[in-house]
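The primary structure of each chain is shown beneath.
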Amino acid sequence: ALKSVNLTDLSNTIGDRNTASGVVALYSNTTGSENIAIGYLAGENNSTGNNNIHIGHSGFNESNTIRIGGASHDNAFIAGVQLVPVSSRQFKQDI
């Protein structure tokens, strides 16, 4: 059976308006506010960042960031968004 556990209250001190669903989601959050974490270990590395969305990603101490998926994910498909190849002088591809 699937089970969702919210353990955020174990570390949270003054952070507020956070939403977590998943085992150890936002577990290390202490002062971060307005974060959303969905999935196993989602946002677990975020302790002070604010206004983040972590879906299936452990996150970092940062703010105003959306992270979806972990290192094992190779493709992303979002309805209404067409696949655009990476084009960057930094990577010297498709320039």
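The structure under discussion appears in the preceding block.
The structure contained in this document is the topic of the report that follows. (Residues numbered from 1 in each chain as written. Predicted model: local features only at pLDDT ≥ 70, side-chain atom pairs only at ≥ 80, totals over all residues. Heavy atoms only, no water.)

## So, the overall build of the protein
Consideration 1: In terms of regular secondary structure, the protein is built from 0 helices and 4 strands.
Consideration 2: In the protein, the order of α-helices and β-strands from amino to carboxyl end is β-β-β-β.
Consideration 3: Within the span of the protein, comprising 95 residues, buried residues form 27% of the whole.
Consideration 4: Considering only residue pairs separated by 6 or more positions, the protein has 0% of its internal contacts joining residues 24 or more positions apart. (Helix = DSSP H or I, 4+ residues; strand = E, 2+ residues; numbered from the N terminus. Buried < 20%, exposed > 50% of the residue type's maximum accessible area, 1.4 Å probe, protein only. Contact = heavy atoms within 4.5 Å.)

## Structural notes on the sheet that holds strand 4 (residues 66-68)
Consideration 1: The strand order 1-2-3-4 describes an open sheet built from 4 strands, whose pairing is parallel. The open sheet has two edge strands, strand 1 (19-21) and strand 4, and neither has a second partner. Looking at each pair of strands side by side, their axes are set apart by 5° on average, direction ignored.
Consideration 2: In the sheet, strand 2 (residues 36-38) pairs with strand 3 (residues 53-55) via 3 bridges, with the strands oriented parallel. Each residue of the ladder has a partner; that of I36, found in strand 3, is I53. (Pairing = 2+ DSSP bridges. Axes fitted to C-alpha atoms, helices over the stretch in contact; angles between N-to-C directions.)

## Brief notes about the pattern of salt bridges
Consideration 1: Applying the stated criterion to the full structure yields 3 salt bridges.
Consideration 2: Linking E34 and R17 is a salt bridge whose minimum nitrogen-to-oxygen distance equals 2.9 Å. Here E34, found in the loop between strand 1 and strand 2, pairs with R17, found in the segment before strand 1; they are 17 residues apart in sequence, far enough to count as distant.
Consideration 3: Classification of E34 by relative accessible area gives partly exposed; the value is 39%. (Salt bridge = Lys/Arg side-chain N within 4 Å of Asp/Glu carboxyl O.)

## Remarks on a nonpolar patch on the surface
Consideration 1: A contiguous nonpolar patch, built from I36, I38, I55, I66 and I68 and spanning about 450 Å² of accessible area, is present on the exposed surface.
Consideration 2: By secondary structure assignment, the location of I68 is in strand 4.
Consideration 3: Take I68: its relative accessible area is 60%, and that puts it in the exposed class. (Patch = residues over 30% accessible without salt bridge, like charges linked within 9 Å, V, L, I, M, F, W, Y side chains within 5 Å. Areas by Shrake-Rupley, 256 points an atom, 1.4 Å probe, with all protein chains shown as cover.)

## Section: the side chain of H57
Consideration 1: Looking at the secondary structure, you find H57 in the loop between strand 3 and strand 4.
Consideration 2: Among the polar contacts listed, one links the side chain of H57 to the backbone nitrogen of G59, at a separation of 2.8 Å.
Consideration 3: Sequence-distant contacts of H57, defined by excluding residues within four places in its chain, comprise L41, A42, G43, R67, G69 and G70. (Polar contact = N/O pair within 3.5 Å; in protein donor to acceptor, adjacent residues only side chain to side chain.)

## A word on the side chain of E62
Consideration 1: Looking at the element boundaries, E62 is found in the loop between strand 3 and strand 4.
Consideration 2: Note on E62: relative accessible area 18%, which makes it buried.
Consideration 3: Of note is the side chain of E62, whose polar atom sits 2.5 Å from the side chain of R67.
Consideration 4: Ignoring any residue separated from it by four or fewer positions in sequence, one finds E62 in contact with N46, G49, N50, N52 and R67.

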